[in-house]
Amino acid sequence: MSTVVAAAPQPTLWSSIREAIRGSHQDFTAGSLNRAILLLAIPMVLEMVLESLFAVVDVFWVGRVGANAVATVGLTESLMLLVFAIGLGLSLSTTAMVARRIGEKDPEDAAVAGVQAIFLGLAISVAIGLPCVFFAPNLLRLMGATPEIVATGSGYARIALGGSGIVLMLFLNNAIFRGAGDAAIAMRLLWVSNIINLVLDPCLIFGWGPFHRFGVTGAAMATFTGRGIGVLYQFYRLLRGTERIRVLRRQIRPNVEVLLRLIRVSLTGIFQFAIAQTSWIGLVRIVSLFGASAVAGYTIAVRIIIFAILPSWGLSNAAATLVGQNLGAKQPERAETSVWRTGFYNMIFLGTVGIGFILFAGRIVGLFSHDPAVVPMAVACLRIVSYGNIGYAYGMVMLQAFNGAGDTVTPTIVNLFGFWLFEIPLAYWLAIHLGMRSNGVYWSIVIAEGAIAVASVILFKRGRWKQRMI
């Protein structure tokens with residue numbers, strides 16, 4: 001008698017998409033790599049979509065309060081760049097360490113690594129937030145705020161900067177879920193916190209319904225409330241446990257060895273993102289030489305670009321998780337293949353976005369400004385920078401792959417040379433010495449991003465990241 005074994009039906013694309021949003025227990029170190037990328041990338045991309053939408057809607061409401069309110073948000077966000085750099089640096093090292101332990105089939109040590117990251121994040125939150133509560137008005141003055149802006153925005157700055165640890169902890173805890181492969185949980189947590197924020201924004205700013213009218217300070221209160229609720233729920237889910245990771249009460253204690261390893265990886269990660277963030281300040285300084293219209297056009301175009309490319313960070317984060325887990329499972333070739341494949345998908349996405357920006361730059365910019373002096377500047381910036389989208393697509397995935405392997409030194413060096421030692425001098429040379437003015441700055445971005453992508457690919461192909469231990 002012979003026995004016929006029916007092959008398991010392959011999941012359809014739509015069933016995989018539903019599963020990615022719903023979340024399920026999957027082993028990302030085995031099975032179809034395309035499906036693994038899909039299950040991780042979809043919730044991470046959707047997470048970034050709402051985050052980018054939040055940034056636009058928040059400015060939409062604050063813009064109706066007045067120019068001083070908008071200036072307050074802009075100046076405070078400039079100060080928040082340091083917090084974001086710290087948060088991103090901590091998050092990437094946390095994701096790498098948790099993913100490596102999960103790939104080794106060691107969820108208990110993954111939880112230990114997550115606890116140490118939380119301890120570190122809480123300490124940094126207090127160290128940054130407490131002084132800002134008292135010195136927020138002074139920090140606004142340091143950024144060049146007028147007395148009117150300080151009077152209008154001190155309350156906003158106190159809450160936003162003093163409570164910046166909430167934002168840091170939200171990103172950090174979600175990094176634990178991402179590293180564990182629980183991308184759907186991270187997505188839902190950020191969606192809930194941002195939706196609460198979006199609902200509270202107009203209520204607290206304008207005093208809708210039973211709420212008091214707080215003006216621009218209400219925007220900070222809405223952010224603090226929405227994301228604070230998200231952080232509390234994150235702690236609840238970590239203690240309750242998911243299918244991949246659970247923090248036990250006996251694990252809530254310092255582990256000096258793990259904490260020191262995490263600090264070592266995080267320091268270069270923080271420096272890595274600080275280099276990238278501050279390089280934009282250097283470019284703005286050069287653009288400012290050509291007048292306020294050039295700065296306004298550059299600002300509008302960059303915000304549009306950032307809004308569009310945030311989903312690409314979701315794909316890059318998926319690559320980082322796959323690298324960490326597959327290295328932990330002693331499958332470096334699968335880790336490498338996942339990066340090449342994710343980079344290709346990212347190239348298709350950003351390439352399509354770039355074509356749209358090049359063809360419809362005028363219409364897109366027209367949604368944000370009708371100033372005849374500003375619009376041509378913004379259109380030129382949007383079109384020129386979009387020519388570099390394909391290179392940027394591969395570069396961001398490659399650099400995140402290094403981070404996912406726990407090698408934060410390589411992308412830090414690449415960023416230092418690419419942004420500060422190449423892009424900034426090139427921007428000045430093209431803009432001033434070749435007389436290309438602000439267009440020279442835009443072309444320097446394209447050239448530098450292309451060079452960073454090429455350098456990243458060369459270093460990635462050498463394969464030293466495969467031997468990285470964390």
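Conventions used here
- Residues numbered from 1 in each chain as written.
- Predicted model: local features only at pLDDT ≥ 70, side-chain atom pairs only at ≥ 80, totals over all residues.
- Heavy atoms only, no water.
- Salt bridge = Lys/Arg side-chain N within 4 Å of Asp/Glu carboxyl O.
- Helix = DSSP H or I, 4+ residues; strand = E, 2+ residues; numbered from the N terminus.
- Core = buried A, V, L, I, M, F, W, Y, C linked by side-chain atoms within 4.5 Å.
- Buried < 20%, exposed > 50% of the residue type's maximum accessible area, 1.4 Å probe, protein only.
- Axes fitted to C-alpha atoms, helices over the stretch in contact; angles between N-to-C directions.
- Parallel < 35°, antiparallel > 145°, perpendicular 65-115°, else oblique.
- Left-handed = near helix turned anticlockwise from the far one by under 90°.
- Contact = heavy atoms within 4.5 Å.
- Nonpolar A, V, L, I, M, F, W, Y, C, P; charged D, E, K, R; others polar.
- pLDDT = per-residue confidence, 0-100.
- Phe/Tyr/Trp six-rings, centres within 6.5 Å; stacked < 30°, edge-to-face > 60°.
- Expected span 1.5 Å × (residues − 1).
- Patch = residues over 30% accessible without salt bridge, like charges linked within 9 Å, V, L, I, M, F, W, Y side chains within 5 Å.
- Areas by Shrake-Rupley, 256 points an atom, 1.4 Å probe, with all protein chains shown as cover.

Undergrad: I'd love a proper account of the pattern of salt bridges, names of residues and values included.
TA: The final tally for this structure, using the stated rule, is 6 salt bridges. Residues R250 and E108 are paired through a salt bridge, measuring 3.0 Å at the closest nitrogen-oxygen approach. Here R250 is found in the loop between α8 (216-240) and α9 (256-287), whereas its partner E108 is found in helix α4 (residues 107-142), with 142 residues between them in sequence.

Undergrad: Outline the nonpolar core, listing residues and values.
TA: In terms of nonpolar packing, the biggest core is built from 54 residues, with Y298, F357, L382, V441 and W465 touching the most fellow members. Within the residue set of this core, elements represented by two or more residues are α9, α10 (292-328), α11 (332-366), α12 (375-386), α13 (389-404), α14 (409-433) and α15 (438-462). When residues in this core are grouped by element, the largest group, 12 residues, is from α10. In this structure, L120, A145, I149 and A186 belong to the second largest nonpolar core, which totals 47 residues.

Undergrad: Provide a residue-level description of the packing of α12 against α15, including the pertinent values.
TA: The contact between α12 and α15 brings their axes to 9 Å, and the two run at 20°. When the interaxial angle is binned, α12 and α15 end up roughly parallel. Both α12 and α15 take part in a crossing whose hand is right-handed. Here M377, A380, C381, I384 and V385 of α12 lie close against α15, whose contacting residues are S438, N439, Y442, W443, I445 and V446. For the contact of α12 with α15, a count of residues per class yields 9 nonpolar, 2 polar and no charged.

Undergrad: Report on the side chain of N415, specifying residues and quantitative values.
TA: Take N415: it is sitting in helix α14. With near-sequence residues (within four places) excluded, N415 lies in contact with Q272, I275, A276, L399 and W420.

Undergrad: Can you lay out the confidence of the model for the chain for me, pointing to particular residues and giving the numbers?
TA: Per-residue pLDDT for the chain has a mean of 86; in total, 94% of the residues score no lower than 70. Mean pLDDT values for the elements of the chain range from 71 in helix α1 (residues 13-22) up to 95 in α15. Considering only residues more than four positions removed or in separate chains, one finds that residues 1-8, a stretch of pLDDT under 50, has 0 contacts.

Undergrad: Describe the environment of V231, with residues and values.
TA: Examined against the element boundaries, V231 turns out to sit in helix α8. Residues V231 and N173, 58 residues apart in the sequence, show an inter-C-alpha distance of 7.7 Å. Excluding residues within four positions of it along the chain, V231 makes contact with I166, M169, L170 and N173.

Undergrad: Quick one: what's the story with the packing of aromatic side chains, residue by residue and with numbers?
TA: Applying the stated rule across the entire model yields 10 aromatic pairs. Their ring planes at 10° and their centres at 4.7 Å tell us that F460 and W465 sit as a pair that is stacked. Relative accessible area serves as the criterion here: at 0%, F460 is assigned to the buried category. Assessed through its relative accessible area of 1%, W465 is described here as buried. Pairwise contacts between aromatic rings join W340, F402, F460 and W465 into one cluster.

Undergrad: So what's going on with helix α6 (residues 164-180)? Residues and values would help.
TA: Quick reminder: α-helices carry 3.6 residues per turn. Residues three or four places apart thus point the same way. For α6, which comprises 17 residues, the first-to-last C-alpha distance of 25 Å matches the rise-based estimate of 24 Å (1.5 Å per residue) to within 8%. Just beyond α6, the residue with positive phi is G181, at close to 90°.

Undergrad: Pulling in residues and values, what's your account of the environment of G391?
TA: Among the structural elements, G391 can be located in helix α13. Overall, G391 belongs to the partly exposed group, its relative accessible area being 22%. Spatially, the C-alpha atom of G391 lies 18 Å from that of L426, the residues being 35 residues apart in sequence. Beyond its immediate chain neighbours, meaning those up to four positions away, G391 contacts E449 and A453.

Undergrad: Outline unusual backbone geometry, listing residues and values.
TA: Positive phi values are uncommon outside glycine, yet K105 reaches one of about 60°. Along the chain, K105 turns up in the loop between α3 (67-103) and α4. We note that R437 has phi near 55°; this positive angle belongs to a residue other than glycine. Within the fold, R437 resides in the loop between α14 and α15. What makes R437 partly exposed here is its relative accessible area of 47%.

Undergrad: Just give me the short version of the packing of α14 against α15, but keep the residues and values in it.
TA: Helix packing geometry: the angle between the two helix axes and the distance between the axes. At a minimum axis distance of 8 Å, the contact between α14 and α15 shows a crossing angle of 155°. In terms of axis orientation, α14 runs roughly antiparallel to α15. In this structure, α14 meets α15 at a crossing whose hand is right-handed. When α14 is examined against α15, the residues T410, V414, G418, F419, F422, E423, L426, A427, L430 and A431 are found in contact with a partner set consisting of G440, V441, W443, S444, I445, I447, A448, E449, A451, I452, S456 and L459.

Undergrad: Before we move on, could you go through the side chain of S338 and cite the residues and values that matter?
TA: Examined against the element boundaries, S338 turns out to sit in helix α11. When residues no more than four places from it in sequence are discounted, the contact partners of S338 are L33, I37, L322 and V323.

Undergrad: I'd love a proper account of the environment of I196, names of residues and values included.
TA: Structurally, I196 can be placed in helix α7 (residues 183-206). Distance from I196 to R227, taken between C-alpha atoms, is 8.1 Å for residues 31 residues apart in sequence.

Undergrad: Outline a nonpolar patch on the surface, supporting the account with residue identities and numerical values.
TA: Residues F271, V409, I413, L416, F417, W420 and L421 make up a contiguous nonpolar surface patch of roughly 630 Å² in combined accessible area. Ranked by residue count, the leading element in the nonpolar patch is α14, at 6 residues. Mapped onto the elements, L416 comes out in helix α14. Residue L416 is classed as partly exposed on the basis of its relative accessible area, which comes to 31%.

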